[in-house]
Amino acid sequence: MVRIFEKSSWGIVYRKNWNIKEILLLEWINSKWEKDYVIPKWHMEEWETANEAALRETSEETWLKKEDFEIIKFITKLNYTFTAWYLEDSPLIDKDVYLFLIRYNWNDTPVPQKEERFTGYLWIDINKINTIWKNIKFDLVSIVNNNKTYFI
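Note that the structure is a prediction, hence the values are computed from the model and not measured.

## Quick look at the nonpolar core
Formed by 20 residues in total, the largest nonpolar core has its most connected members in Ile-12, Ile-23, Leu-25 and Phe-151. When residues of this core are traced back to their parent elements, those giving at least two are β1 (3–17), β2 (20–29), β6 (92–104) and α2 (140–146). For this core, the element with the highest residue contribution is α2, accounting for four residues. Ignoring any residue separated from it by four or fewer positions in sequence, one finds Ile-23 in contact with Ile-12, Val-13, Tyr-14, Leu-122, Trp-123, Ile-124, Ile-126, Ile-129, Val-144 and Phe-151. If you look at the next biggest cluster of nonpolar residues, it comprises 14 residues, including Met-44, Ala-50, Phe-100 and Tyr-104.

## A look at the pattern of salt bridges
All told, the structure shown has nine salt bridges when counted by the stated rule. In this structure, Arg-56 and Glu-57 form a salt bridge, with 2.5 Å as the shortest nitrogen-oxygen distance. For Arg-56, a relative accessible area of 12% puts it in the buried group. Measuring nitrogen to oxygen at the nearest pair gives 3.6 Å for the salt bridge that ties Asp-96 to Lys-77. Linking Asp-96 in strand β6 with Lys-77 in strand β5 (residues 69–83), this pair joins segments that are 19 residues apart in sequence. Lys-77 gets classed as partly exposed once you look at its relative accessible area, which sits at 45%. When salt bridges with common partners are traced through the structure, they connect Glu-48, Arg-56, Glu-57 and Glu-60 into a single cluster.

Reading the values: the criteria
- Residues numbered from 1 in each chain as written.
- Predicted model: local features only at pLDDT ≥ 70, side-chain atom pairs only at ≥ 80, totals over all residues.
- Heavy atoms only, no water.
- Core = buried A, V, L, I, M, F, W, Y, C linked by side-chain atoms within 4.5 Å.
- Buried < 20%, exposed > 50% of the residue type's maximum accessible area, 1.4 Å probe, protein only.
- Helix = DSSP H or I, 4+ residues; strand = E, 2+ residues; numbered from the N terminus.
- Contact = heavy atoms within 4.5 Å.
- Salt bridge = Lys/Arg side-chain N within 4 Å of Asp/Glu carboxyl O.

Note that every value here comes from positions in space, so none of it alone points to a role or purpose.
Set out below in structure tokens:
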């Protein structure tokens, strides 16, 4: 069986909207044509550090300016393995993911990338994130709850 190793950087993007702290979720159509909410993420280039990739990918997936983002905290490194049935020979993908908390310091409107199957976006109060937990990929609710003190 073919095994591939990949690295990705993900960003939990938030902003302050008056006194409310909101997280940016991208509405995405998964391979089963179901709607999920995801955070900005993607592959690290070989020449990038994890934090550079997190800022670049967040900007590319939202069309928000990279200079309007600020990394507040490195949260964790995740590792998971899955079978990429959609690729030739269905390789096993072993993935390292670097997760960052990123503050957005402006108020432009995100532009979802339709060619990447993004169909919309949602700014959600961090205290209400558990209301849509069924549609969020990975355990974002626990990660947000465990890091609330860093949403400054």
